[in-house]
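The chain contents come next:
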Amino acid sequence: NLPAALLLEQAALCQLRTQPAPMERKAAFFLVLAGFRFTQCGLRNHATRCYAAALSAYAGRGWHHVEDHIRVFLGRQAHQLGRPQATVGSFLAVLSHTAHQ
């Protein structure tokens, strides 16, 4: 799983370097896949970094289910990493979004 995670992360970076226009959503998708693989390897910090980078690409574009999935994942990872403020922040973002629907 680790080689797959590293290759997916590199593929995401390649998508951002494409010309004439970077493929941001495809790069974010590859980052989510890489984050999942890093989680399977037990590398939670790397997984969190990948998911957080993907969230910046999806935030505010109307892909609410994707944003919620990423925020729930980030909340769970923050809890397991012992980061209570990040945990609460992630879940509050999901709950506030759900309350507006």
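Residues numbered from 1 in each chain as written. Predicted model: local features only at pLDDT ≥ 70, side-chain atom pairs only at ≥ 80, totals over all residues. Heavy atoms only, no water.

This brings us to the nonpolar core. Phe38, Tyr51, Ala54 and Ile70 are the most contacted members of the largest nonpolar core, which has 20 residues in total. Elements that contribute at least two residues to this core include exactly helix H1 (2–16), helix H2 (24–40), helix H3 (44–58) and helix H4 (64–80). In contact with Tyr51, not counting residues within four places along its chain, are Val32, Gly35, Phe36, His69, Ile70, Phe73 and Leu74. (Core = buried A, V, L, I, M, F, W, Y, C linked by side-chain atoms within 4.5 Å. Buried < 20%, exposed > 50% of the residue type's maximum accessible area, 1.4 Å probe, protein only. Helix = DSSP H or I, 4+ residues; strand = E, 2+ residues; numbered from the N terminus. Contact = heavy atoms within 4.5 Å.)

Another point: the pattern of salt bridges. Counted under the stated rule, the structure contains three salt bridges. Note that Arg61 and Glu24 form a salt bridge whose closest N and O atoms lie 2.8 Å from each other. Of this pair, Arg61 sits in the loop between H3 and H4 while Glu24 is found in helix H2, placing the two residues 37 residues apart along the sequence. Arg71 is paired through a salt bridge with Glu67; the nearest N and O atoms lie 3.2 Å apart. In this pair, Arg71 and Glu67 both sit in helix H4, four residues apart, roughly one turn of the helix. (Salt bridge = Lys/Arg side-chain N within 4 Å of Asp/Glu carboxyl O.)

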